[in-house]
Amino acid sequence: MSESQEVSSIHVPSPEETALEELFRNAESNRTSQLDSSDSMGDRVESEEKERRLAKNREHARSCRSRKKAMIQTLRDTVGSLSEANQELKSQNEALQKKVQALEEVRLNYPCDGPCLI
C-alpha cells in the first residue's frame, strides 16, 4: 500500500460530526448525572421512610410492652383478691363442717325412747 492510499483511509470527522458527537457526550453526561442525583434523592427518601417505619415500630413495641405490664398487674391483683376470697371460703367451710359434726354428735347422744325425729 502506498502512503497516499493509507492517508485516504483515515477518516477525519467533519465539523458537523464533531458537533454532534459533542452534543451526544453532553447529553449522555447530563442523563447520567440526573440519574445519579435522582438515585441519591431516592436513597434519601427510602432512608427517611425506613427511619419513619423504625420509629413507628419502636413506638408500637413500647405501647405493647406497656399494655402487657398493665395486663399482668391486673392479673396479679385478680389472683390476690381471688386467693383472699378462696381462703375466706375455706374458713367458712371448715366452720360449717365443725357445726355439722357437732350436730351429728348431739343427735347421736340424744336419748330417745322410741322413734327419734331428730
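Our structure's up above, just so we're on the same page.
Residues numbered from 1 in each chain as written. Predicted model: local features only at pLDDT ≥ 70, side-chain atom pairs only at ≥ 80, totals over all residues. Heavy atoms only, no water.

Colleague: How would you sum up the overall build of the protein? Please name residues and give values.
Modeller: A count of helices and strands for the protein gives two helices and zero strands. The buried share of the protein, reckoned over its 118 residues, is 0%. Surface exposure of the protein reaches about 11200 Å², of which carbon and sulfur atoms provide 56%. (Helix = DSSP H or I, 4+ residues; strand = E, 2+ residues; numbered from the N terminus. Buried < 20%, exposed > 50% of the residue type's maximum accessible area, 1.4 Å probe, protein only. Areas by Shrake-Rupley, 256 points an atom, 1.4 Å probe, with all protein chains shown as cover.)

Colleague: Could you give me a rundown of the pattern of salt bridges, with the residues and numbers involved?
Modeller: For the structure shown, the criterion picks out five salt bridges. Of the charged contacts in the structure, one is a salt bridge between Arg-25 and Glu-22, with a shortest N-O distance of 3.4 Å. Here Glu-22 and Arg-25 lie together in helix α2 (residues 15-109), a separation of three residues that amounts to about one turn. The partly exposed category is assigned to Glu-22, whose relative accessible area is 37%. (Salt bridge = Lys/Arg side-chain N within 4 Å of Asp/Glu carboxyl O.)

Colleague: Give a description of the environment of Glu-59 that names residues and reports values.
Modeller: Take Glu-59: it is sitting in helix α2. By relative accessible area, which is 44% here, Glu-59 ends up partly exposed. Looking at Glu-59, its side chain comes within polar contact range of the side chain of Arg-62, at 2.6 Å. (Polar contact = N/O pair within 3.5 Å; in protein donor to acceptor, adjacent residues only side chain to side chain.)

Colleague: Explain a negative patch on the surface to me, using residue names and the numbers behind them.
Modeller: A surface patch of like charges, here negative, comprises Asp-43, Glu-46, Glu-48 and Glu-49. By the secondary structure assignment, Glu-49 is in helix α2. (Patch = residues over 30% accessible without salt bridge, like charges linked within 9 Å, V, L, I, M, F, W, Y side chains within 5 Å. Lys, Arg positive; Asp, Glu negative; His and termini not counted. Charge placed at Lys NZ, Arg CZ, Asp CG, Glu CD.)

In short, the description is geometric, and any link to function would need to be established separately.
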